[in-house]
Amino acid sequence: MRFFHNNLVDAEKPINRVGQLVKQQIIMKKNTLLIIVFMVLGFAQQVNACSLPSLSDAIDGPTSVCSGGSEFYTVDFASVQCVQSLDFSVLVEVDGQVFQQFNSVSGAFNVNWPVNSTGSNRSGRVSVAYLAADGACDAFGLPQSVVTQRVLSLDVEIRPATLPPSTPTITSRVIGTNTAQFTASSARATSYSWTVSGGTIVGNATGSVLRVRPNDGACSVTATARGRLARCEGGFAVSGARSNTMNISRPTIFGPTSFDVPSDRFFTEFSIEISPAATSYTYTLDNNTNFNFTDTPSRTFTTSFPQISLQCNGTSGLPGFMTVVASNSCGVSNTETIQLNCVSGGGGFLLTENAPINIFPNTISAGETLNVENLPSDVVSVEMLPLTGRISADKTSVELSDNSTLKVNTAKLARGLHVMRFTYKDGHVEQRNILVK
């Protein structure tokens, strides 16, 4: 019996070993499965941890802003940190005082800066606070070191609101023969806006200097200017308006201011007009009876021509004086005073359009040929002078021919009124007006 039992026990031992092996294999498989499950879960958690942003110590955004402007800022994602929560606390300060306070769930946000009316820069600051730990998150998305609060700051300059320019002052003058020039001056203005009535703008229309060509038949030109200054936030700050009216089309008299001539010489007194031309001229003699008009005994004579005939009744003595005033539908010109000198020998001299020299055309476009006929043989030089008095063509450029005909090239003459001056052997001078368009 004992032997059987012992044999039975001995027979069961192999069976128990097999069962233990099976159990061990089952346990190992279970453990392997658990490890795989934990690895999968850990990997999934690690993936979630990596999806959290890692932050650096910087805020991206403008550091100089316009008064009242809205600007965009972001927290820079760069260095490795384990962020506990994507909840960012934003604080905006102006001149050390709290201006705005809000939360951002993405680290990207707008700041609406205040209007700065102080005339100088104001100080602003953007601060962002969040919780994070140094280093990457662990496999379960948890910090591997102590979580602390991080604060990032960015200093910002708030520029002052753009003050509009001052209302400009405007001056005006005539240039050339028929152009009005207006000049504006305004504090803080960098450009100007102009409006014009009675004429057309010539050239630049945004600068401080404006040139205007009057319309046909217009007696005046009005220019209105506003100063402009580019605004920080875009567009322009504009000043108040100021206007200036110029009576540009009244005639202006120009001619010789003194006569000292022999009795056998004819002379012509000329006028220079700004379009439209003068329609009448009034000549007035003073009380010196050595001089009289040849066409009337009156001391005042009105004619539609810019010339007049005078008679010298004496031989020498005190000079006389004559005034000339031109007028048209737009008004009356300046008064030109001419000194009359009677040369010994008596006789007389003539201010007349029937001078021996014939010039045509007297209004010419630059580049066209100016013709001079009936040129006296004792003329020694011919010069062209603009109203400024600067010689624009001398006897070397206006060459005298051997006959009484002269052709003048006007290509180098500036636009405007010119005087053609003829100098004779005896030293006296005769002048004619030429208008170059």
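Residue indices begin from 1 for each chain and proceed along its sequence in written order. Local features in this predicted model are restricted to residues of pLDDT 70 or higher, and side-chain atom pairs are both shown and tallied only at a pLDDT of 80 or more, whereas totals for entire chains, interfaces and linings draw on every residue. Side-chain numbers come from the whole structure's heavy atoms, not from hydrogens or water.

### With respect to the overall build of the chain
Note the threshold: Runs of E in the DSSP output that reach at least two residues are strands. Runs of H or I that reach at least four are helices, and both are numbered from the N terminus. A contact between two residues is defined here by any heavy atoms of the two lying within 4.5 Å.
If you tally the helices and strands in the chain, you get 1 helix and 32 strands. Summarising the internal contacts of the chain: among those between residues at least 6 apart in sequence, 61% fall at separations of at least 24.

### Re the packing of aromatic side chains
Two measures describe an aromatic ring pair: the distance that separates the ring centres and the angle between the ring planes. Operational definition: Pairs were defined over the aromatic rings of Phe, Tyr and Trp, the Trp ring being its six-membered one, requiring ring centres within 6.5 Å. Orientation was assigned from the angle between planes: stacked under 30 degrees, edge-to-face over 60, tilted for the rest. Residue exposure (1.4 Å probe, protein chains only): buried if accessible area is under 20% of the type maximum, exposed if over 50%, otherwise partly exposed. Consider the ring centre and the ring normal. A charge sits over the ring if Lys NZ or Arg CZ is within 6 Å of that centre and within 35 degrees of that normal.
Scanning all chains against the criterion turns up 4 aromatic pairs. Aromatic side chains F102 and F109 sit 5.8 Å apart centroid to centroid with 70° between the ring planes, which places their arrangement in the edge-to-face category. Here F109 falls in the buried class, since its relative accessible area comes to 5%. One Lys or Arg, R228, reaches over the ring of F236 and ends 4.1 Å from the middle of that ring.

### Things to note about the sheet that holds strand β11 (residues 179-185)
Test applied: For two strands to be treated as a pair, DSSP must find no fewer than two bridges joining them. Lines are fitted to the C-alpha atoms to define the axes, a helix being fitted only along its stretch in contact, and any angle between axes, read from their N-to-C directions, falls within 0 to 180 degrees.
The sheet built from 4 strands is open, its strands ordered β10-β11-β14-β13 with antiparallel pairing. Looking at which strands have only one partner, the edges of the open sheet turn out to be β10 (169-175) and β13 (199-202). Each strand axis lies, on average, 30° off the axis of its neighbour in the sheet, ignoring direction.

### Points about the state of the cysteines
Cut-off, in case you're wondering: The disulfide criterion used throughout: a pair of cysteine sulfur atoms within 2.5 Å.
For the structure on display, the rule yields 1 disulfide. Here C66 connects covalently by a disulfide to C232, the sulfurs 1.8 Å from one another. Judged by the torsion about the S-S bond (-85°), the C66/C232 disulfide is left-handed. Pair noted here: C66 is in the loop between β2 (64-65) and β3 (70-75) and C232 is in the loop between β15 (221-230) and β16 (236-246), with a separation of 166 residues, a long-range link. Classification of C232 as partly exposed rests on a relative accessible area of 27%.

### A closer look at the pattern of salt bridges
Any two side chains of opposite charge can pair, so long as their charged atoms come close to each other. Spelled out, the test is: Every case where a carboxyl oxygen of Asp or Glu lies within 4 Å of a side-chain nitrogen of Lys or Arg is listed as a salt bridge.
Across all of its chains, the model carries 2 salt bridges by this definition. D95 serves as the salt-bridge partner of R122, at 2.8 Å between the closest nitrogen and oxygen. Here the residue R122 occupies a position in strand β8 (residues 122-134), and D95 occupies one in the loop between β5 (88-94) and β6 (97-104), the gap between them amounting to 27 residues. For D95, a relative accessible area of 40% translates into the label partly exposed. Notably, a salt bridge pairs D155 with R125, separated by 2.7 Å at the nearest N-O pair.

### A short note on the nonpolar core
Stated formally: The criterion is simple. A nonpolar core is a set of buried Ala, Val, Leu, Ile, Met, Phe, Trp, Tyr and Cys residues joined through side-chain atoms within 4.5 Å.
The biggest cluster of nonpolar side chains holds 20 residues, and the ones touching the most others in it are I59, Y73, F109, V111, W113, V126 and V128. Those elements giving two or more residues to this core turn out to be β3, β5, β7 (108-112), β8 and β9 (148-158). L370, L375, V379 and M420 belong to the second-largest nonpolar core, a separate cluster that totals 17 residues.

### Considering the sheet that holds β3
Two orientations exist for strands paired in a sheet by backbone hydrogen bonds: parallel and antiparallel. Spatial strand order, β1-β3-β7: 3 strands in an open sheet with antiparallel pairing. At either end of the open sheet lies a strand with only one pairing partner, and these are β1 (59-60) and β7. Taken together, the 5 bridges between β3 and β7 define a ladder with antiparallel strand orientation. By the bridge assignment for β7, F72 is matched with N110.

### Here's the deal with the confidence of the model for the chain
For clarity, the cut-off: Along the chain, pLDDT gives the predictor's confidence residue by residue, from 0 to 100.
Looking at the chain as a whole, the pLDDT averages 74, with 69% of positions reaching at least 70. The lowest-confidence element of the chain is strand β25 (residues 350-351), averaging 38 in pLDDT; the highest-confidence one is strand β12 (residues 191-197), averaging 96. Here residues 261-275 scores under 50 on pLDDT; set against residues more than four positions off or in separate chains, the count is 78 contacts. Of the regions scoring below 50 in pLDDT, residues 345-355 engages in 45 contacts with residues more than four places distant in sequence or in other chains.

### Looking at the environment of T118
The line we're drawing: By the criterion applied in these results, polar contacts are pairs of N or O atoms within 3.5 Å in which, for protein atoms, one can donate a hydrogen and the other can accept it, and in which residues neighboring in sequence qualify only through two side-chain atoms.
Looking at where T118 falls in the secondary structure, it is placed in the loop between β7 and β8. Expressed as a C-alpha distance, the spacing of T118 and R159, which sit 41 residues apart in the sequence, is 9.4 Å. At 2.6 Å, the side chain of T118 forms a polar contact with the side chain of N116. Side-chain polar atoms of T118 contact the backbone oxygen of S120, separated by 2.9 Å.

### Examining the side chain of S67
Take S67: it is sitting in the loop between β2 and β3. If we skip the residues at most four places from it in the chain, S67 touches P114, V115, N116, I158, R159, P160 and A161.

### What about the pairing of strand β30 (residues 406-409)?
Of the two faces of β30, only the one carrying L406 and V408 is buried; K407 and N409 on the other face are not. Two strands pair when backbone bridges link them, and strand β28 (residues 369-373) and β30 are joined in this way by 4 bridges, in the antiparallel orientation. Of the residues in β30, the one forming a bridge with V372 is L406.

### Things to note about the side chain of T303
If you trace the backbone, T303 turns up in strand β21 (residues 300-303). Note on T303: relative accessible area 14%, which makes it buried. Sequence-distant contacts of T303, that is, excluding residues within four places in its chain, are made with S280, Y281 and Y283.

### Here's the deal with the environment of V324
Position of V324 relative to the elements: it lies in strand β23 (residues 320-328). Here the alpha-carbon distance between V324 and T302, two residues 22 residues apart in the chain, equals 9.6 Å.

### Digging into the environment of Q101
On the secondary structure map, Q101 appears in strand β6. Along the backbone, Q101 and S127 are 26 residues apart, and their C-alpha atoms lie at a distance of 9.6 Å. In this structure, Q101 is in contact with V90 and L91, ignoring residues within four places of it in sequence.

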